[in-house]
Amino acid sequence: MNLKEMLPMPDLENCKSILCIQPHPDDNEVGAGGTIAKLVRRGCQVTYLTVTDGRKGTDDPDLRGDKLVAIRREEAIAAARVLGVTAHLISLTQRLSMRTQRNRGCDERVSISVPSAFSSVFRALSAA
């Protein structure tokens, strides 16, 4: 048995839901923005999991820590909205929060600690 038989490529165009995991805010948009927008237009429920909170993403000494995290969070939500993404999981200082966009804002749904994050995220998404 070869790798293609063991792990066949999924039929993305007919997926009902997809979880896009990104190490940093904006990686999904940069790496797969066109594909994500196309999937959303086809009716796919796209959810983001951002593993880090973006606090290290600048050399500007005036934009450090919580200030930069807040900026990155808002940028991530806005970028997801442009692509039509309606659910967004984001990491905020060792916490993961499941957020569902509603019009302009997001309502917090689930908050879990990092050690159990992935299994909890997968359970929450499969129940939705």
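The structure we're discussing is the one just above.
Residues numbered from 1 in each chain as written. Predicted model: local features only at pLDDT ≥ 70, side-chain atom pairs only at ≥ 80, totals over all residues. Heavy atoms only, no water.

S.K.: Whenever I open this one, the packing of helix α2 (residues 27-41) against helix α3 (residues 65-83) confuses me. Can you help?
M.R.: What describes two packed helices is the angle between their axes and the distance between those same axes. At their nearest, the axes of α2 and α3 sit 8 Å apart, and the two run at 40° to each other. On the basis of their axis angle, the class for α2 and α3 is oblique. Of α3, the residues touching α2 (which contributes Glu-29, Gly-33, Ile-36, Ala-37 and Val-40) are Ala-76, Ala-79, Ala-80 and Leu-83. (Axes fitted to C-alpha atoms, helices over the stretch in contact; angles between N-to-C directions. Helix = DSSP H or I, 4+ residues; strand = E, 2+ residues; numbered from the N terminus. Parallel < 35°, antiparallel > 145°, perpendicular 65-115°, else oblique. Contact = heavy atoms within 4.5 Å.)

S.K.: So what exactly am I meant to see when it comes to the state of the cysteines here?
M.R.: Covalent bonding between the sulfur atoms of two cysteines is what defines a disulfide. This structure, assessed with the given rule, holds zero disulfides. This cysteine, Cys-20, is not joined by any disulfide, and Cys-44 carries the nearest cysteine sulfur, 8.0 Å off. (Disulfide = S-S within 2.5 Å.)

S.K.: Help me understand the pattern of salt bridges, please; the structure alone is not making it clear to me.
M.R.: Close approach of charged atoms allows side chains of opposite charge to pair. According to the stated counting rule, one finds six salt bridges in the structure shown. Note that Lys-38 and Glu-13 form a salt bridge whose closest N and O atoms lie 3.4 Å from each other. Of the two residues, Lys-38 sits in helix α2 while Glu-13 sits in the loop between α1 (3-6) and β1 (17-22), which places them 25 residues apart along the sequence. Here Glu-13 falls in the partly exposed class, since its relative accessible area comes to 41%. A single salt-bridge network, built from bridges that share partners, covers Glu-13, Lys-38 and Arg-42. (Salt bridge = Lys/Arg side-chain N within 4 Å of Asp/Glu carboxyl O. Buried < 20%, exposed > 50% of the residue type's maximum accessible area, 1.4 Å probe, protein only.)

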